[in-house]
Amino acid sequence: MASPGHSDLGEVAPEIKASERRTAVAIADLEWREMEGDDCEFRYGDGTNEAQDNDFPTVERSRLQEMLSLLGLETYQVQKLSLQDSLQISFDSMKNWAPQVPKDLPWNFLRKLQALNADARNTTMVLDVLPDARPVEKESQMEEEIIYWDPADDLAADIYSFSELPTPDTPVNPLDLLCALLISSDSFLQQEIVLKMALCQFALPLVLPDSENHYHTFLLWAMRGIVRTWWSQPPRGMGSFREDSVVLSRAPAFAFVRMDVSSNSKSQLLNAVLSPGHRQWDCFWHRDLNLGTNAREISDGLVEISWFFPSGREDLDIFPEPVTFLNLRGDIGSHWLQFKLLTEISSAVFILTDNISKKEYKLLYSMKESTTKYYFILSPYRGKRNTNLRFLNKLIPVLKIDHSHVLVKVSSTDSDSFVKRIRAIVGNVLRAPCRRVSVEDMAQAARKLGLKVDEDCEECQKAKDRMERITRKIKDSDAYRRDELRLQGDPWRKAAQVEKEFCQLQWAVDPPEKHRAELRRRLLELRMQQNSHDPSSGVQEFISGISSPSLSEKQYFLRWMEWGLARVAQPRLRQPPETLLTLRPKHGGATDLGEPLWPEPLGVEHFLREMGQFYEAESCLVEAGRLPAGQRRFAHFPGLASELLLTGLPLELIDGSTLSMPIRWVTGLLKELHVRLERRSRLVVLSTLGVPGTGKSTLLNTMFGLRFATGKSCSPRGAFMQLITVAEGFSQDLGCDHILVIDSGGLIGGALTSAGDRFELEASLATLLMGLSNVTVISLAETKDIPAAILHAFLRLEKTGHMPNYQFVYQNLHDVSVPGPRPRDKRQLLDPPGDLSRAAAQMEKQSDGFRALAGLAFCDPEKQHIWHIPGLWHGAPPMAAVSLAYSEAIFELKRCLLENIRNGLSNQNKNIQQLIELVRRL
C-alpha cells in the first residue's frame, strides 16, 4: 500500500519536475523579491536557488536514503509498512528489550507507542562502550546542534562540510526517527502513530518534510481519528461540555518559529506555556531531553501541532477555551513555505532570534500585507544589539507592531515571569476578535500554497464520496434504522427469542413435539418476512464499499463511515462523563430485557448486522427446504466480513440490540476465515469480562494495539472480536497462528440481583464467552465487586470441566498514585465467601455452596493472577498524559498472558473448525 505522501497522489497530481513544482509555489514564497532595491537571488521555499537546482537534490536524496538505510526502513519505500505489520505478535512482544542498533529503533518506538509509553521518543541505544569512548559534549547555548548555511554561498553545494551522516554508533534524533517512520508507513499506520502520540500528549506532526522529492505533506488524514473532550468556562455543566474532532473544531492558532539562530529554545518555551502549575510536560521534544542536542538530519522543516484544552476549572485552566500551538523545526529562511503557511493560519506568530540581518529583514518585509500579529523574542547577549534595533525600528510600521511586541529573554530572566507574559499575550489575543481555524482550514491553506495533503489521494476521496452518499440521507438515526435497516429491530428480536426457546427445548427431558413444531413455524415465518426484503440503497452502497477490489479504498471507506456516522448520529448522546475517558465504575440494576442499557449510536456494526440478517434469513430457509440453494443471493456476505476481520476491523460476535448470537452468520464467517487462513488457522481465544466503565476496551487496545470502542455513552453494546496475527517465526513457539480477542463491551450490565430475565441472560452470555476462551481477563472496578453473572458462569463452567486461564485485573480508576502491578496478590479474593457467592452457588445447585470463589478461580495457583493496574492518567484530563506506570503494568500483564499461552496454561488451543463446533455447542 502506498503512503499518502507518495504514490497515492500519483493519479491526482502526476509527478512533475522539481523546477515545475517550485514554480507552482513561487508566488507564495517570493513576494518579497519585488521589493524596491531587492538584490537577493531567486530563492525557493526549501532555501535553494536556481544555481543549486542540480546539486542540492542529489545531496538531500542521499541523506534521506542514508537515514532510511540506517534505520532498516529502505525496503518500505515501495511497499509501505502497514498497521497489521506493526501489530504482529513476535518474540519481542514478550520482552522489555532495549534497542542495540539503529535498525531496532523504529520497532522499539512502535512497540512503546502502542503501549502508550511516555518514553517512546527516547532513542537511546544500549551499546558496548569501548575503552577509549568519550562522552559527547553537550552544547547548552544553542537550540540545535546544526550550522545553518546560506544557499548563495559557494560552499553550499558541499553540504557534508557541516554535518556527517549518522553511523551505527551515532544516536538518532527522535524527530528524524519519527519522520523516517512516517515516510515509510502507509496511511493507516500513520494514523495510528499520530493517534497514539496524541494520547501520550506528544506534539503531533502536521507538515511532514520530504527532502527526497522537495515537497512536503500536510497530514490531514493522519489526524482524522483524534477526538478530544473539554469543558469551556464558565463552570462545568451540560452546556459547557464539548466533544469534537481536532480536525473539525476551530480554535485560535499561535505559531513559534526561529529566525537564523536563537539561544532560547522554542520547544521548552512552548512546554512551559502549555504546562499548568510547576509540573512541566515535555509535549515538544527539546534540547535538554536525552539526545535533544543530536543534529537533525531529515526533520528540519517539520511543523508540529499541539493544543490546550480547558477542564472547566479556573484553578487548572491556563486559557478559557481551546488554543492551538504550532512549532516549526528549523530556520524560517530555509523553510519559507512552511513559515508562509503559519502566517496565514495563525492569529499570532512568535519569532525567536538572536540576530536580525538584512536578509531576515527582507523576508519579514514581504509579510507587510499580513493581518497576523508578530512578536519578537530576542536574546541580546548573543546578538548585535544596535543592528537588531535598527531593523526592528524599520519593521514596526511594516508589520503594524509596537515596542510591546518585542520581548527580551536572557538567562537571568525569571522563567516563570516570562512564561506568564507569553500567556498574557495569548490571552489578550483570545479576548480580541481573532482568526479561528480548524485543521481542515489549515489543509485548505496548505493546498493553495502548493503543499500536498495526504487526504487528496483518489482512493481516499472515492471512499469519502461513497460515505457521504450514505450519511446525507440520515436525518434521524432512529428513523434511519427503522426505514433503511429493516431486518433489525422487531423482526430480528422476535426471531432471536424464538431461536432461544427452540434451543432450550433441546435440553428438555421430553419436549412436546407440538410446541417444537410451533416454534419452527414461527421462526420460518419471521425469516420469510425478512427474506422478502431487498437491501436498502444505503446498505447496497455499504456493500459496494466493502467489496472494492482495492484494499486501501476499502479501509478508507470503513474509516470514513465510522467518522461520518459518529458525526450525524451522536450529537444527542454527548454528555459530560465523570472522567474524560469514561473509565468509571457504574453499575445498573436489573433492567427489562427489551430496553437497551443506554442509547446505542448508529455505527458500522448496524450495516454489518443487516448483512448478517439477510444471510441468516436466507440460510434458515435453505435449511428448511423453502429456498433452493442455487437461488441464494447473500452467500458471499460472510466472505466479505472475514476480509474485514483480517484487515483489523472488530466484528460483532454477539448482537448488541438483542443480546444474542446470530449463529449461522458467525459460523459462516468463521468458515470463510478458515478458508482464507488455510494452514495458519490455530487459534487462542482471549476474552475480557466486566461491567461497562471498568476499562476493559482501553486495556485491550493498549495491550495489543486494537480498535475496540471505548466510553460507555458512545460505544456499542455487543461483544466484538478482533484478530491478531502471530509472526510465522514465533507461531511454533507460541503454539498458535492467531489470537482471537473478544471484548464483552456492555453485555454484562452488572445486575446486582440474581433473578430476572436480564440476569439470566447476562449469566448465559458470560458462560458463552468464557466457554469459548482459552484465557479470560476479568476487569474489576473494586476487587470484591465481581458481577453476579460472572460468578454464575464460573460455577456453570466448572460442571463442564472447561476452566480457562483467568486473570483478575483491578483497575484503579481514580487514584494515579497507587503503585503497580502487584501480581499474585490473592488475599482479597481468598476471603470467606460473601452473600453473593453463597446465593450463586445455591442457584446453581452446587453441593459445596459455601466454598469461596478462590476455590474456583485459584484451583491452580500457577495459572491465575490478580493484577493491580495504576490509574490511566498522569495529571488532570483533558491535558493529562497516559501514566507511565499504567503502560508498564499493561505490558507486564501482556507478557504474562503470552507466557501462559506459550507454556500451555491456557487449556488446549483450537483451530477454527474446533471453534465453530464449540460455538454451536455452547
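What counts, and where the lines are drawn
One numbering rule holds for all chains: residues counted from 1, following each sequence as written. At least 70 in pLDDT is required for a residue's local features to be given in this predicted model, at least 80 for side-chain atom pairs to be given and counted, and no such filter applies to totals for whole chains, interfaces and linings, which use all residues. The side-chain numbers reported here are obtained from all heavy atoms of the structure, hydrogens and water having been left aside. Helix numbers and strand numbers start at the N terminus; a helix is a DSSP run of H or I with at least 4 residues, a strand a run of E with at least 2. The contact rule is simple, with two residues in contact once any of their heavy atoms fall within 4.5 Å. Accessible surface area values rest on a Shrake-Rupley calculation with a 1.4 Å probe, where residue burial reflects the displayed protein chains alone. Here a pair means two rings of Phe, Tyr or Trp (six-membered ring of Trp) with centres within 6.5 Å. Their orientation is stacked below 30 degrees between planes, edge-to-face above 60, and tilted elsewhere. The criterion is that NZ of a Lys, or CZ of an Arg, lies within 6 Å of the ring centre and within 35 degrees of the ring normal, and then a charge sits over that ring. Take a side-chain nitrogen of Lys or Arg and a carboxyl oxygen of Asp or Glu: if they are within 4 Å of each other, that pair is a salt bridge. Working definition: with a 1.4 Å probe on protein chains only, accessible area under 20% of the residue-type maximum means buried, over 50% means exposed, and in between means partly exposed. We call two strands paired when DSSP finds no fewer than two bridges between them. Regarding the arc, it is the one traced by the directions from the helix axis to the C-beta atoms. A 3.5 Å cut-off defines polar contacts: any pair of N or O atoms within that distance qualifies, except that in protein one atom must be a possible hydrogen donor and the other a possible acceptor, and neighbouring residues in sequence count only when both atoms are side-chain atoms. For the charge count, each Lys or Arg is scored as positive and each Asp or Glu as negative, with His and the chain ends excluded. Geometry is summarised by axes, namely lines fitted to C-alpha atoms with helices restricted to the contacting stretch, and by angles between N-to-C directions that run from 0 to 180 degrees. Orientation is classified from the angle alone, with under 35 degrees giving roughly parallel, over 145 giving roughly antiparallel, 65 to 115 giving roughly perpendicular, and any other angle giving oblique. Crossing handedness is defined as follows: a turn of the near helix away from the far one that is anticlockwise and smaller than a right angle gives a left-handed crossing, while the clockwise case is right-handed. Side-chain classes follow a simple rule in which Ala, Val, Leu, Ile, Met, Phe, Trp, Tyr, Cys and Pro form the nonpolar group, Asp, Glu, Lys and Arg form the charged group, and the remainder, Gly included, forms the polar group. Confidence per residue, as judged by the predictor, is encoded in pLDDT with a range of 0 to 100. Working rule for helices: expected span equals 1.5 Å times residues minus one. We call a set of buried residues a nonpolar core when its members are Ala, Val, Leu, Ile, Met, Phe, Trp, Tyr or Cys and they connect through side-chain atoms within 4.5 Å of each other.

A.B. asks: Honestly, the overall build of the protein chain in this entry has me stumped. Any pointers?
C.D. replies: A tally of helices and strands in the protein chain yields 30 helices and 21 strands. Across the protein chain, the fraction of contacts at a sequence separation of at least 24, relative to all contacts at a separation of at least 6, is 79%. Summed over all atoms, the accessible surface of the protein chain reaches about 37,100 Å², with 50% contributed by carbon and sulfur.

A.B. asks: Just to check I follow, could you spell out the packing of aromatic side chains for this structure?
C.D. replies: Each pair of aromatic rings is reported with the distance of its centres and the angle of its planes. Under the counting rule described, the total for this entry stands at 29 aromatic pairs. Consider the rings of Phe794 and Tyr806, whose centres lie 4.7 Å apart with planes at 70°: the pair is edge-to-face. Taken as a pair, Phe794 in helix H26 (residues 788-800) and Tyr806 in strand E17 (residues 805-811) lie far apart in primary sequence, 12 residues in all. One aromatic cluster in this structure is built from Phe254, Phe256, Phe308, Phe319, Phe325, Phe350 and Tyr375. Over the ring of Phe202 we find Arg121; its NZ or CZ atom is 3.9 Å from the centre of that ring.

A.B. asks: Would you mind showing me how to read the pattern of salt bridges here?
C.D. replies: For side chains of opposite charge, pairing can occur when their charged atoms come near one another. If you walk through the whole model with that rule in mind, you get 44 salt bridges. The partner of Asp92 in a salt bridge is Lys95, with the nearest N and O atoms 3.5 Å apart. Since its relative accessible area comes to 42%, Lys95 is described here as partly exposed. Here Glu728 makes a salt bridge to Arg679, at a shortest N to O gap of 3.3 Å. Of this pair, Glu728 sits in helix H24 (residues 728-734) while Arg679 sits in the loop between helix H22 (663-677) and strand E13 (682-689), and the two are 49 residues apart along the sequence.

A.B. asks: I tried to follow the environment of Pro601 on my own but got confused; where do I start?
C.D. replies: Looking at the element boundaries, Pro601 is found in the loop between helix H19 (551-569) and helix H20 (604-623). With 116 residues separating them along the chain, Pro601 and Arg717 place their C-alpha atoms 9.5 Å apart.

A.B. asks: In this structure, what is going on with the pairing of strand E14 (residues 719-725)? I would like to understand it.
C.D. replies: Each regular strand carries side chains that alternate between the two faces of the sheet. Within E14, 6 of the 7 residues are buried, which leaves it mostly tucked inside the rest of the structure. Across 3 bridges, strand E12 (residues 651-654) lies against E14 in antiparallel orientation. Across the sheet, Glu652 pairs through a bridge with Phe720, a residue of E14. Bridge count for E14 against strand E15 (residues 738-743) is 6 bridges, and the pairing is antiparallel. Looking at the pairing, Gln722 lines up with Val741 of E15.

A.B. asks: Even after reading the chapter, I still don't get helix H30 (residues 912-921), so can you show me in this structure?
C.D. replies: Given 3.6 residues per helical turn, the α-helix brings residues three or four places apart onto the same face. All buried positions along H30 are accounted for by Ile912, Leu915, Ile916, Leu918 and Val919. Projected down its long axis, H30 shows its buried positions confined to an angular sector of 165°, all on one face. With a side-chain oxygen positioned 3.1 Å from the backbone nitrogen of Gln913, the residue opening H30 is Asn911.

A.B. asks: Looking at this model, I keep getting lost on the side chain of Lys696. Mind explaining?
C.D. replies: Residue placement: Lys696 occurs in helix H23 (residues 696-704). No salt bridge is formed by the buried Lys696; the nearest opposite charge belongs to Asp743, separated by 5.0 Å. Excluding anything up to four places from it in sequence, Lys696 contacts Thr688, Leu689, Gly690, Val691, Asp743, Ser744, Gly745, Ser779 and Gln811.

A.B. asks: What am I meant to see in the sheet that holds strand E7 (residues 323-331) here?
C.D. replies: Hydrogen bonds along the backbone pair up the strands of a sheet, which may run parallel or antiparallel. Pairing is mixed across the open sheet formed by 9 strands, whose spatial order is E10-E9-E8-E5-E7-E6-E1-E2-E11. Sheet topology places strand E10 (406-408) and strand E11 (452-453) at the edges, where each strand pairs with a single neighbour. Bridge count between strand E8 (residues 348-353) and strand E9 (residues 373-378): 6 bridges; the pairing is parallel. For Ala348, the partnering residue across the bridge sits in E9 and is Lys373. Its contacts with the sheet put helix H9 (residues 336-345) on strand E1 (204-208), strand E2 (217-218), strand E5 (253-258), strand E6 (303-308), E7, E8 and E9, and the angle it makes with E7 is roughly 160°. Relative to the sheet, helix H12 (residues 415-431) contacts E5, E7, E8, E9 and E10, its axis offset from that of E10 by approximately 165°.

A.B. asks: Could you clarify how one ought to interpret the packing of helix H17 (residues 513-531) against H20 in this entry?
C.D. replies: To describe two helices that pack against each other, one gives the angle between their axes and the distance between the axes. Close contact between H17 and H20 brings their axes to 9 Å; oriented N to C, the two are set at 130°. If you check the angle between H17 and H20, you find them oblique. Where H17 crosses over H20, the handedness of that crossing is left-handed. From H17, Leu523, Leu524, Arg527, Met528, Gln530 and Asn531 reach across to H20, where they touch Gln613, Phe614, Glu616, Ala617, Glu618, Cys620 and Leu621. A per-class count over the contact of H17 with H20 returns 7 nonpolar, 3 polar and 3 charged.

A.B. asks: Got a minute to help me understand the confidence of the model for the protein chain in this structure?
C.D. replies: Counting all residues, the mean pLDDT for the protein chain is 79, and 74% of those residues have values of 70 or more. Below pLDDT 50 for its whole length, residues 128-163 participates in 67 contacts with residues either more than four positions away or in separate chains.

A.B. asks: Sorry if this is basic, but what is going on with unusual backbone geometry here?
C.D. replies: When glycine is set aside, most residues are seen to have a negative phi, and most peptide bonds are trans. The linkage connecting Pro877 with the following residue, Pro878, adopts the cis geometry, with an omega of 5°. As for its position among the elements, Pro878 is in the loop between strand E19 (873-874) and strand E20 (881-882). Here Asp260, not a glycine, exhibits a phi torsion of approximately 60°, which is positive. Although it is not a glycine, Lys400 adopts a positive phi angle of roughly 60°. Structurally, Lys400 is set in the loop between helix H11 (385-399) and E10.

A.B. asks: Honestly, H12 in this entry has me stumped. Any pointers?
C.D. replies: The end-to-end C-alpha distance of H12, which contains 17 residues, comes to 24 Å, matching closely the 24 Å that a straight helix rising 1.5 Å per residue would cover. The set of residues buried in H12 consists of Phe418, Val419, Ile422, Ile425, Val426, Gly427, Val429 and Leu430. Buried residues in H12 make contact with E5, helix H8 (266-274), E7, E8, E9 and E10.

A.B. asks: Looking at this model, I keep getting lost on the nonpolar core. Mind explaining?
C.D. replies: Phe218 and Phe376 are the most contacted members of the largest nonpolar core, which totals 158 residues. Those residues in contact with Phe218 that sit more than four places away from it in its chain are Leu206, Val207, Leu341, Val439, Met442, Ala443, Ala446, Lys452, Val453 and Asp454. Among the nonpolar cores identified, the runner-up in size contains 85 residues, and Ile543, Phe614, Phe637 and Val685 belong to it.

A.B. asks: Explain the side chain of Asn117 to me, please; I cannot follow it from the model alone.
C.D. replies: With respect to the helices, strands and loops of the structure, Asn117 is situated in the loop between helix H5 (105-114) and helix H6 (174-183). You can call Asn117 buried: its relative accessible area is 10%. Polar contacts involving the side chain of Asn117 include one to the main-chain amide nitrogen of Asp119, which spans 2.7 Å. Not counting the four nearest positions on each side in its chain, Asn117 is found in contact with Lys112, Cys200, Phe202, Leu884 and Ser887.

A.B. asks: Explain the environment of Leu68 here, please?
C.D. replies: You can see Leu68 is positioned in helix H3 (residues 56-70). For Leu68 and Cys179, which are 111 residues apart along the polypeptide, the C-alpha to C-alpha distance reads 9.9 Å. Once residues within four sequence positions are removed from consideration, Leu68 is found in contact with Leu73, Glu74, Gln77, Ala180 and Ser184.

A.B. asks: When you look at the environment of Val685 in this model, what are you seeing that I'm missing?
C.D. replies: Turning to its location among the elements, Val685 is positioned in strand E13. On the accessibility criterion, Val685 (1% relative accessible area) is buried. Along the backbone, Val685 and Pro804 are 119 residues apart, and their C-alpha atoms lie at a distance of 9.7 Å. In contact with Val685, other than residues within four places in its own chain, are Leu740, Ile742, Leu772, Ser773, Asn774, Val775, Lys910 and Leu915.

A.B. asks: Please explain the packing of helix H16 (residues 490-505) against H17 as it appears in this structure.
C.D. replies: The N-to-C vectors of H16 and H17 enclose an angle of 155°; their axes lie 10 Å apart at closest approach. Between H16 and H17, the crossing angle belongs to the class labelled roughly antiparallel. Judged by the sense of rotation from one axis to the other, the crossing of H16 with H17 is left-handed. Of the residues in H17, those in contact with Pro491, Trp492, Lys494, Ala495, Val498, Glu499, Glu501, Phe502 and Leu505 of H16 are His515, Arg516, Leu519, Arg520, Arg522, Leu523, Leu526, Arg527, Gln529 and Gln530. Broken down by class, the residue content of the contact of H16 with H17 amounts to 9 nonpolar, 3 polar and 7 charged.

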